[in-house]
Each structure stands twice: as C-alpha cells, then as structure tokens.
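Reading the structure
Single-letter residue listing:
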Amino acid sequence: KQHTEMASPDAHVQLMPTFTVPAGKMDEMKAMWPDFVAKTKAGTDGTLYYGFAVCDNQVFTREGFKDAAGLLAHMSDVEETMKKTIEVVGGTTALELKVVGPKAELDKLREALTPLGCKFFETDPGPGATCFRSGVAGKPDAHVTVVPFFTVQDGKMDDFKKCLADLLKATEGGTKECLYYGFHICGNEVYCREGYESASGALAHLGDVDAPLNAALSMASVDLSVMGPAAELEKLKEAMAPLGTKFYALDEGAFWK
C-alpha cells in the first residue's frame, strides 16, 4: 500500500504555483528541480508531499504542508532557488499562485502571499473535507490528483453547495483509494482537492459521484486537470480527455515527507 493507515481530518495547506515556461527554457527550469527537492527534504518537517508536474509549457508544483507555519518555513528554505526560477521564466507575471486550506491558516499567509497576486481558497465550513491519509514518509510520491476548478453561475452558489454535501457523502461511501477530498472556495470559484492512490481509484471515484457531479455541472463550468505518474495518466485519458482535461506528468523526484 502506498498510504499509511493513520488518518486525520484534512486541514492541510496546499500551495499551488503554476509556471508558464518560455520557449527554450524548459531544460533550464528542470535543472532547478533537484535543488528544490534537496532543500525541501532537508528543510521544514511541516512538508507533507512535494513534486513537479508538467503539461506542455506549464509546470505545476504539487506541494502540501501541515499548516501555514510549514508553508512559510518552506518558502524560506527554497527562497534562493525560487529567485533563480523566477528569472528563468521571465518574472512573476509567468507565475499563477493559489493557496488552499482552512481560513485560520490562510489568514496567517495573506501578508506573505497577497503581494504575489495569490488567490486564497478557503475550506468550505459546510461540507468541509474528508480525512487525510498521507503516503509513507521518505518514499516516492506516485499518487494521482484530480484538479477541478468550478466557476459557479451567478446566484447559484447556495444550490451548488447542496451538491457538495452529496458529493462528499458519495465519496465517503465510495472507493477506499481516496486519500483526501474536500471543497475550497474563492469568490464564485470552487476547487475540489482530491487525491487517490492510483488511476483506478480516480476512475472508481468518477463512478461513485456520477449523479451529484452531473447536478453540480448544471450550475457551473469546470476547468479540469489531473496530475500523477505518466503511466497512471495513460489509464485516465480515455475517460477524461473528452472532458478537456489537461494531463500533468509527475516528475520521478516527487516524494512524501
């Protein structure tokens, strides 16, 4: 098994940086990754998982932390390497930044992240989130994340939130491969943070939530990505490519801490 049997309520803080890499700069960008990984492994114990994923000219850093303090410590750990990376991509305009977690933790991050144009996605206090099960400490991270961002129609948020409760209930009663699952809101955008042990778990989940998901999609558009090892992504393309999904292949250096 990839995950540990210990589980706790999912209140982890996730930083979601997406870099748009200029033509001819991807190799230079990737050359930074070993330094990021080494500094993250040697740095704060507040890190849960860390790795890079690529789709065409976009690089996403999949990184989770126990709390805001862990994220801030990590930012300090990798500060110099991040400065070099920003130079490679041509400045902060090439960086899109989101952060996800409980409001109390996000409030501790606003001073540091607001100047970077960060969007803050607060864990919904209604349906909330399921438990969080981590991978095995020190081992490679090969879990699959489905990354949907819903844009809810004007005046429909209350009705949409009712669907979230149904989605959460279906998930709790569904596949045991689910590592974490929950909803997070910024204005009229809703992000579902969800992770699975493998592609088969992600596919099983789609079956588990078919009815409430269709109800939700009647009130919102969705921007969909999926991230994981290339071999796992191949198993998802038949089902998810028709939905306009972007597939981000996870670098082999990704790890659980």
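A quick note: this is a predicted structure, and the numbers were derived from the prediction, not measured.

Things to note about the nonpolar core
It is characteristic of soluble globular proteins that their nonpolar side chains tend to be buried jointly. If you look at the biggest cluster of nonpolar residues, it comprises 29 residues, and the most contacted ones within it are F160, Y181, V190, V226 and L236. Considering each element in turn, this core owes the most residues, six residues, to helix 7 (residues 157-172). When sequence neighbours within four positions are dropped, the list of residues in contact with F160 reads F150, V152, V190, A216, M219 and A220. Counting residues in each nonpolar core, the second largest holds 19 residues, with M29, Y50, F52 and L95 among its members.

Let's talk about the pairing of strand 6 (residues 119-123)
Strand direction decides the pairing type here: strand 5 (residues 95-101) and strand 6, joined by four bridges, are parallel. Residue pairing across strands places V99 opposite F120, the latter belonging to strand 6. In this structure, strand 6 lies alongside strand 9 (residues 178-186), joined through two bridges in antiparallel fashion. Of the residues in strand 9, the one forming a bridge with E122 is I185.

Here we look at the pairing of strand 4 (residues 58-65)
In terms of burial, strand 4 is a largely internal element, seven of the eight residues being buried. Inspection of the sheet shows strand 2 (residues 13-20) paired to strand 4 by six bridges, in the antiparallel sense. By the bridge assignment for strand 4, T20 is matched with Q58. Alignment of strand 3 (residues 47-55) against strand 4, held across eight bridges, turns out to be antiparallel. Across the sheet, V54 pairs through a bridge with V59, a residue of strand 4.

Topic: the confidence of the model for the chain
Chain-level pLDDT for the chain is 94 on average; 97% of the residues reach the 70-or-more range. Across residues 1-6, where pLDDT falls below 50, the model places 20 contacts with residues more than four positions away in sequence or in other chains.

Calculation criteria
- Residues numbered from 1 in each chain as written.
- Predicted model: local features only at pLDDT ≥ 70, side-chain atom pairs only at ≥ 80, totals over all residues.
- Heavy atoms only, no water.
- Core = buried A, V, L, I, M, F, W, Y, C linked by side-chain atoms within 4.5 Å.
- Buried < 20%, exposed > 50% of the residue type's maximum accessible area, 1.4 Å probe, protein only.
- Helix = DSSP H or I, 4+ residues; strand = E, 2+ residues; numbered from the N terminus.
- Contact = heavy atoms within 4.5 Å.
- Pairing = 2+ DSSP bridges.
- pLDDT = per-residue confidence, 0-100.

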